[in-house]
Amino acid sequence: MLPSQNQTSPVLIEPVQRGATLLQDIASAQPGPGEVMLWWLGQSGYAIKTASALWYVDLYLSEHLTAKYANTDKPHIRMTAAPLRGPDLTDVQWLFASHKHSDHLDPGSAPQILAASPQARLILPTAIIDYATTLGLDRARLIGTRGDETIQVGPLTVHSIPSAHPALDYTEESGYPFLGFVFQVDGLTLYHSGDTLVYDGLADRLRRFEIDIAFLPINGTNERLLRLGTPPNMNAEEAVALACEVRPRLVIPHHYDMFTFNTADVRDFERIASAAGVPCAVLRCGARFSWRRPS
Ligand SMILES: [Zn+2]
């Protein structure tokens, strides 16, 4: 039993919108030219909508990890209630998963989403396609990308960017198993990091783009998490330092307020970003956030 761990349940953070209300808000949103609308769905999960596309990234909408790690030395106690469940999502065309960890490719909701949205395709690292089929996902509906690659997904031009979680773990056979994605559509360029450390070569890869919004993790790591075998991410300082190198127009932090054992105080990130002059927006789970590219 580790003294720093809080085994008691916190008061759950309630999403600003959930269920049918949230779905209706996403469906009715009509972003204009150069505009993107976002809904944070918890941890690293988002619905992203532009004038011609709606897509979802890294959804964790179940209690899979809470059940899996109950009565272990790393109980996964939820901090934010799920704003949706897998079967709620019936309009999905494109779902992205950055890597195989369950808070990004959720065994408790990905199969349900693909069942509820028969047209949906799941875009994921080629390296984890075999794993994804063990979750009951139909191989024919999976689109793999190896990293350092550009693919076309409907209206989206998608550049897969290697992530280090904690290492790049490249293999000749299947590429990089941890990815981020640069999405280009409707004149907008958005980078979702997935889970990653800042590694030599990441900023160089990102500087090839003029990034409007970068979604970066802030939970970092510490001795306790490393002892528990929890793969590290960049922390708030490192996310801000990366943003200072890459200069996105806006940074949105993710990967916090999901599990009590592995989170960060987003106010620390806000303070560090503001001191460095990095524009940032802290989203509230389930709320609509709109941003327009300056013309
Ligand atoms: Zn994660």
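Keep in mind that what you see is a predicted model, and the values were worked out from it rather than measured.

Take the overall build of the chain next. Secondary structure assignment for the chain yields 8 helices and 13 strands. By the compact-globule yardstick of 19 Å for 295 residues, the chain fits well, its C-alpha radius of gyration being 18 Å. Oriented by its inertia axes, the alpha-carbon framework of the chain measures out at about 50 × 45 × 45 Å. In the chain, which comprises 295 residues, the proportion classed as buried is 45%. Counting contacts in the chain only where the partners sit at least 6 residues apart, residues at least 24 apart contribute 66% of the total.

The next point concerns the sheet that holds strand β8 (residues 156–162). One open sheet holds the 6 strands; their spatial order is β7-β8-β9-β10-β11-β12, and the pairing between them is mixed. The sheet is open, and its two borders are formed by β7 (149–153) and β12 (250–254), each paired with just one other strand. On average, each strand axis in the sheet is inclined to that of its neighbour by 20°, with strand direction left out of account.

Further remarks concern the confidence of the model for the chain. With 97% of its residues at a pLDDT of at least 70, the chain reaches an overall mean of 95. Note on residues 1–6: pLDDT under 50 across the span, and 5 contacts to partners over four residues away in sequence or across chains.

Let us now look at unusual backbone geometry. With an omega of 0°, the peptide bond running from histidine 165 to proline 166 counts as cis. Relative to the helices and strands, proline 166 resides in the loop between β8 and β9 (179–185). Phi at aspartate 169 is positive, roughly 50°, even though this residue is not glycine. You can see aspartate 169 is positioned in the loop between β8 and β9. By the C-beta count within 10 Å, which is 16 here, aspartate 169 ends up partly exposed.

Reading the values: rules and limits
Residues numbered from 1 in each chain as written. Predicted model: local features only at pLDDT ≥ 70, side-chain atom pairs only at ≥ 80, totals over all residues. Helix = DSSP H or I, 4+ residues; strand = E, 2+ residues; numbered from the N terminus. Rg over C-alpha atoms; globule rule 2.2 N^0.38 Å. Buried ≥ 20, exposed ≤ 12 C-beta atoms within 10 Å, placed from the backbone. Contact = placed C-beta atoms within 7 Å. Pairing = 2+ DSSP bridges. Axes fitted to C-alpha atoms, helices over the stretch in contact; angles between N-to-C directions. pLDDT = per-residue confidence, 0-100.

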